[in-house]
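Each chain is listed here by its residues.
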Amino acid sequence: MKYGFFDDEKCEYVVNTPHTPLPWINYLGTDSFFSLISQTGGGYSFYKDAKLRRITRYRYNNVPRDTGGRMYYILDGEDVWSPAYSPAKAELDTFLCRHGLGYTIFETEKDCLATDLTCFVPLHNSCEINMMTLENKSNSMKELQIFSAVEWCLWNALDDSQNFQRNLSIGEVEAEGSTLYHKTEFRERRNHYSFFNVNREIDGFDTSRDAFLGSEGDWDCPDAVKNRKSSNSIAHGWTPMASHNIRLTLQPGETTSLIFMLGYVEVADDEKWSAENIINKEPAKMIINQFCTPGDVEKSFRELGVYWKKLLSAFQLESKEIELNRMVNIWNQYQNMITYHLSRSASYYESGIGRGMGFRDSCQDLLGFVHMAPEKARCRILDIAATQMEDGSAWHQYQPLTKRGNADIGSGFNDDPLWLIAAVDAYIRETGDGDILKEPVCFNNVLGSERELIEHLKRSVHFITSHLGPHGLPLIGRADWNDCLNLNCFSTDPAESFQTCVNRDTGIAESIMIAAMFVIYAEKYTTLCDIYDGELESVSGEETKEVKGAIQMMKCSIEVFGWDGRWFLRAYDSNGEKVGSDDCHEGKIYIEPQSFCVMAGIGVEDGKAKRALKSVNEYLTTPYGTCLLWPCYKTYHPELGEISSYPSGYKENGGIFCHSNPWLCIANTVIGEQNEAFEIYRRISPAYTEHLSELRKTEPYVYCQMLAGQEAPIPGEGKNSWLTGTAAWNFVAVSQYILGIRPEYDGLHIQPCLPEHIHRVKVTRLFRGIRYNIVLRRGTEKGLWINGRKLDNNTIPVAEKETNVEYVFE
Ligand code: BGC
């Protein structure tokens, strides 16, 4: 069953009912001001940091679900309804919610009154615009009232949800004309306020939620709406909000537009006040004045369209597979940009207060957006590297506002350092900007500790080589990519978190995943050292040679101690026992080491790679995707940690943890399994599984973190959409391995691994500022032609002007 359809022409997913299985959301914002918006107008806004600068309030896991957000009420005769369906929830005659690139439009109609509510965050402005256009399609005059409403969050989203003894006394607002200001704590340490404005005279307002809702009121039918009158209330403490009341008359056929704006302002300390305790409103007015007319809004909306189109144009595919085009051209790249902006901080499943930016997460997200926004990737790399510690280890997370490591979660995830190499390598292959390696970057943000970036990568490598266990394999630390495989934790205290409890660092528990990652990324490091030899202070031939030696040793250790007979082991626990072995009673086989070892080229020559991937097929693959492990843990194992705390088939305990599927896809391309590689891609692809929307529950236009695995009660059910490394890695898999267009240091390497049923595709790829029009087709005369000239290898050299490429394969 579907709840909408793709409109590829407009790059939209059009939800055609408010009643989706879960809220289906979109993101507004491209720089600092961000909003989440659901198919019924729910969600919240924040400035830069969803924890520290939360502008509007949202209640996670609320009943009924998804209350709040941008709320509008239209009073037409006896009817009260909302142009986004919520909060009034009156059934509408027509309903369409168009989630597009950085905008959402609600097109609804009731009783011959049509509304178009266009919501977006304009480029270079810290505000969200909601332009509501009303059209009277009836034959008689309509006398209407419109109420708007937003509920303010008291800035720090964590405090806002906890510290009520304080919160209920601190709220402060101002009202002036059609603008309602929220200035809680402004008099103290803060330099910011927010405002809600509408571009016409109002007939009333409310800033006190109690006055607006009434003592027992609810958002679906507030007292003000019921009584058709605002109270012009000024909130003193309690719960400040902002609501306008506007009366309108519409003649038959007449149309009018109201421009609502939710804005955020920061002011310099000496410019805070215009009079005693009266905030300086000039900065807000400057934003408001830019969007006074529908023409202003439309112009800005068009600019947003151009912005997104330009980003996505970096990689465009034409093929006969509509779903493939749709994912590659629109939704996958779009999701990649969203993960760039938000890492794992704010979604409908990430509360915005917990996780900030992940070190490994953001490094991996970069793989998916670097081709669209290389300059953003450069800044991101420098930010992330600056949170690395002197010994090469890393803070696991950092706060976007402060860019400081997050001490609550700490360090000890031993794969983290290697992801930095992955990100830097991807950036240099994409841009050719080797100079980044010379950039001075602090350690742990301590001024004075700056060393060139390559030194950071070197320390990543040395962190691994100096933390090896009894089998010569890397120590796992608190966990590796699989956050929930906690081999040094032994937690039996329900009050402690697996992520932060004591890491006993036994010096025994080893990870084969990190070992394979080391082979891949230490190799990238030595390649960079070789290419930029002589230009970098921190690099010496001697040291590079040592690392190359360490890579060989690591390969040997994996071959000898990491092979289980039919697949690769996952780890050794802190008792030296195997994890992910046929000898185990549960958790016999894991997906991660199979993919990573094959990607590292281990066992490709002697058949182990093929054997391992065959085992994955036998034990882990389902029609909905490939599970993380089998059989699931049925009881809690303190020596394995959180992974065994989950019910079978969920999350890391045998769920289809989507992030790991594209690795498997890439591994299959490494051994030439073209059809299986594509099947792996297709099985978890949102567009290809749109018809399963009822089962999946999550949005059919973006990847989710997890689908329930084969041992779960309802296999295939999806959870935790949007903020997942699945997006970046699937883009890497499809663009660089299935379509096989891979940026390399010296050009674009072409090596498609397309399934048998795809005979011809065309890709337009922007690479280092030049457009390449690449046709990949099956044929008998194999080879690579550039502007009609045949090359004797598979790499398109960096060109100076637009280049036509044809690649013929069997
Ligand atoms: C985290 C990742 C982690 C993955 C697997 C995700 O929720 O954001 O950092 O690698 O889970 O455990």
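Relevant structure appears above.
What this report covers is the structure whose coordinates are included nearby. (Residues numbered from 1 in each chain as written. Predicted model: local features only at pLDDT ≥ 70, side-chain atom pairs only at ≥ 80, totals over all residues. Heavy atoms only, no water.)

It is worth spelling out the overall build of the chain at this point. Of regular secondary structure, the chain possesses 19 helices and 44 strands. The globule rule puts the C-alpha radius of gyration for 810 residues at 28 Å, and the 28 Å found for the chain is close to it. The dimensions of the chain, computed from C-alpha atoms along their principal axes, are 80 × 60 × 55 Å. Counting the 810 residues in the chain, one finds 65% classified as buried. Looking at the chain alone, contacts between residues at least 24 apart form 67% of all its contacts between residues at least 6 apart. Here the chain displays about 28800 Å² of accessible surface, and carbon together with sulfur accounts for 49% of that area. Between the centroid of the 81 positive side chains of the chain and the centroid of its 111 negative side chains there is a distance of 2 Å. (Helix = DSSP H or I, 4+ residues; strand = E, 2+ residues; numbered from the N terminus. Rg over C-alpha atoms; globule rule 2.2 N^0.38 Å. Buried < 20%, exposed > 50% of the residue type's maximum accessible area, 1.4 Å probe, protein only. Contact = heavy atoms within 4.5 Å. Areas by Shrake-Rupley, 256 points an atom, 1.4 Å probe, with all protein chains shown as cover. Lys, Arg positive; Asp, Glu negative; His and termini not counted. Charge placed at Lys NZ, Arg CZ, Asp CG, Glu CD.)

All residues adjacent to the ligand are Arg 344, Arg 355, Arg 360, Asp 361, Trp 481, Asn 482, Asp 483, Glu 652, Phe 657 and Gln 705. Within the side chain of Asp 361, a nitrogen or oxygen atom sits 2.7 Å from an oxygen atom of the ligand. In the complex, the protein chains occlude 95% of the 310 Å² of accessible area that the ligand would expose alone. Taken together, the residues of the shell around the ligand break down into two nonpolar, two polar and six charged. (Near = heavy atom within 4 Å. Polar contact = N/O pair within 3.5 Å; in protein donor to acceptor, adjacent residues only side chain to side chain. Nonpolar A, V, L, I, M, F, W, Y, C, P; charged D, E, K, R; others polar.)

Attention now moves to the packing of helix H6 (residues 294-312) against helix H7 (residues 322-342). Running from N to C, H6 and H7 point in directions that differ by 100°, and their axes come no closer than 10 Å. Compared by their axis directions, H6 and H7 come out roughly perpendicular. Residues Trp 308, Leu 311 and Leu 312 of H6 lie in contact with H7, whose contacting residues are Asn 329, Ile 330, Gln 333, Tyr 334 and Met 337. (Axes fitted to C-alpha atoms, helices over the stretch in contact; angles between N-to-C directions. Parallel < 35°, antiparallel > 145°, perpendicular 65-115°, else oblique.)

A few words on unusual backbone geometry. Here the bond from Val 63 into Pro 64 is cis, since omega is -5°, no more than 30 degrees from zero. Here Pro 64 shows up in the loop between strand S6 (54-56) and strand S7 (71-76). Cis geometry is adopted by the peptide bond preceding Pro 87, which originates at Ser 86 and carries an omega value of 5°. One non-glycine residue, Trp 238, lies in positive phi territory at about 50°. With respect to the element layout, Trp 238 can be found in the loop between helix H4 (223-226) and strand S18 (240-250). Positive phi outside glycine occurs at Lys 403, with the angle close to 60°. Mapped onto the elements, Lys 403 comes out in the loop between strand S24 (397-398) and helix H10 (416-431).

Here we come to the pattern of salt bridges. Where charged atoms from two side chains of opposite charge approach closely, those side chains can pair. Tallying each qualifying case throughout the model produces 56 salt bridges. Its salt-bridge partner being Glu 806, residue Arg 777 comes within 2.6 Å of it at the nearest N-O pair. In this pair, Arg 777 sits in strand S40 (residues 770-778) while Glu 806 sits in strand S44 (residues 803-809), placing the two residues 29 residues apart along the sequence. Judged by its relative accessible area of 26%, Glu 806 is partly exposed. Among the charged side chains, a salt-bridge network with shared partners connects Arg 57, Arg 59, Glu 151, Asp 160 and Arg 209. (Salt bridge = Lys/Arg side-chain N within 4 Å of Asp/Glu carboxyl O.)

Turning our attention to the packing of aromatic side chains. The relative placement of two aromatic rings is captured by the distance of their centres and the angle of their planes. This structure, assessed with the given rule, holds 48 aromatic pairs. On the basis of an interplanar angle of 90° and a centroid distance of 5.6 Å, the ring pair of Tyr 307 and Trp 308 is categorised as edge-to-face. On the basis of relative accessible area, Trp 308 is assigned to the buried category, the value being 1%. Chaining the aromatic ring pairs together yields one cluster made of Tyr 3, Phe 6, Tyr 13, Trp 24, Tyr 27, Tyr 307, Trp 308, Trp 331, Tyr 334, Tyr 701 and Trp 722. One residue, Lys 281, lies across the ring of Tyr 181, its end atom 5.3 Å from the ring centre. (Phe/Tyr/Trp six-rings, centres within 6.5 Å; stacked < 30°, edge-to-face > 60°. Lys NZ or Arg CZ within 6 Å of the ring centre and 35° of its normal.)

Turning next to the environment of Tyr 636. Relative to the assigned elements, Tyr 636 resides in the loop between strand S33 (629-630) and strand S34 (656-657). A C-alpha to C-alpha distance of 48 Å links Tyr 636 and Lys 320, two positions 316 residues apart in sequence. Beyond its immediate chain neighbours, meaning those up to four positions away, Tyr 636 contacts Ser 491, Phe 498, Gly 641, Ser 644 and Ser 645. Here Ser 491 takes part through its backbone oxygen, which lies 2.6 Å from a polar atom of the side chain of Tyr 636.

Moving on to the sheet that holds strand S28 (residues 571-572). With antiparallel pairing, three strands are arranged side by side in an open sheet as S27-S28-S29. At either margin of the open sheet sits one strand with a lone partner, and together these are strand S27 (510-511) and strand S29 (578-579). In the sheet, S27 pairs with S28 via two bridges, with the strands oriented antiparallel. By the bridge assignment for S28, Ser 511 is matched with Ala 571. (Pairing = 2+ DSSP bridges.)

Residues Trp 419, Leu 437, Tyr 521, Ile 558, Phe 596 and Tyr 681 are the most contacted members of the largest nonpolar core, which totals 237 residues. Considering each element in turn, this core owes the most residues, 14 residues, to helix H12 (residues 512-531). Phe 596 has contacts with Trp 419, Met 513, Ala 516, Met 517, Ile 520, Tyr 521 and Trp 663, leaving out every residue within four places of it along the chain. Listed in part, the twelve residues of the second largest apolar core include Met 71, Ala 149, Ala 224 and Val 225. (Core = buried A, V, L, I, M, F, W, Y, C linked by side-chain atoms within 4.5 Å.)

With that out of the way, let us pick up the pairing of strand S26 (residues 446-452). On a regular strand, one side chain projects to one face of the sheet and the next to the other, so that they alternate. Where strand S25 (residues 440-443) meets S26, three bridges bridge the pair, whose relative direction is antiparallel. Paired with Phe 443 across the strands is Val 446, a residue of S26. Counting the residues that bridge the hairpin from S25 to S26 gives two residues, and of these Asn 444 lies at a positive phi of roughly 45°.

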